[in-house]
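# Summary of structural features
Listed below are the residues making up each chain.
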Amino acid sequence: MSLNEPTQENLETIINDLADRLQVVNRSIMDPADYDLANYDEIKSLHDMVVTKGQLSVSETQAFVQELGAYRK
């Protein structure tokens, strides 16, 4: 499945994958419905960085979660 197309389904997939990879305990902050499709490219870029980086430190995880928060509706 290609995540290059900015669709609502792809956005949900990316947000849910990020929640898993970042080990977010409070999943309510990672509800795909809270993210606007207009920010798809930025959110996908964050996802690509997390996937590429692999293992993240606690401070890196917090930074990614904070950055994602900037794209919430």
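A quick note: this is a predicted structure, and the numbers were derived from the prediction, not measured. (Residues numbered from 1 in each chain as written. Predicted model: local features only at pLDDT ≥ 70, side-chain atom pairs only at ≥ 80, totals over all residues. Heavy atoms only, no water.)

## Brief notes about the packing of helix α1 (residues 8-21) against helix α2 (residues 40-53)
Direction vectors running N to C along α1 and α2 enclose 35°, while the axes themselves pass 10 Å from each other. Here α1 runs over α2; the crossing is left-handed. On the side of α1, the interface is formed by N10, L11, I14, I15, D17, L18 and R21, while α2 contributes Y40, I43, K44, L46, H47, V50 and V51. Class assignment for the residues of the contact of α1 with α2 results in 9 nonpolar, 2 polar and 3 charged. (Axes fitted to C-alpha atoms, helices over the stretch in contact; angles between N-to-C directions. Helix = DSSP H or I, 4+ residues; strand = E, 2+ residues; numbered from the N terminus. Left-handed = near helix turned anticlockwise from the far one by under 90°. Contact = heavy atoms within 4.5 Å. Nonpolar A, V, L, I, M, F, W, Y, C, P; charged D, E, K, R; others polar.)

## Focus on the nonpolar core
Within the largest apolar cluster, 18 residues are counted, with the highest numbers of intra-cluster contacts made by I15, L18, L22, M30, Y35, I43 and L68. Listed by contribution, the elements that provide at least two residues to this core are α1, α2 and α3 (58-69). A per-element tally of this core places α1 first, with 5 residues. Setting aside residues no more than four positions away along its own chain, I15 makes contact with M30, D31, P32, Y35, I43 and L68. (Core = buried A, V, L, I, M, F, W, Y, C linked by side-chain atoms within 4.5 Å. Buried < 20%, exposed > 50% of the residue type's maximum accessible area, 1.4 Å probe, protein only.)

## Let's talk about α1
Taking 1.5 Å per residue, 14 residues should reach 20 Å; α1 reaches 20 Å between its end C-alpha atoms and fits that length. Every buried residue belonging to α1 is among N10, L11, I14, I15, L18 and A19, and all of these are buried. Among the structural elements, α2 and α3 are those in contact with the buried residues of α1. Positive phi shows up at Q23, right after α1, with a value of about 50°. (Expected span 1.5 Å × (residues − 1).)

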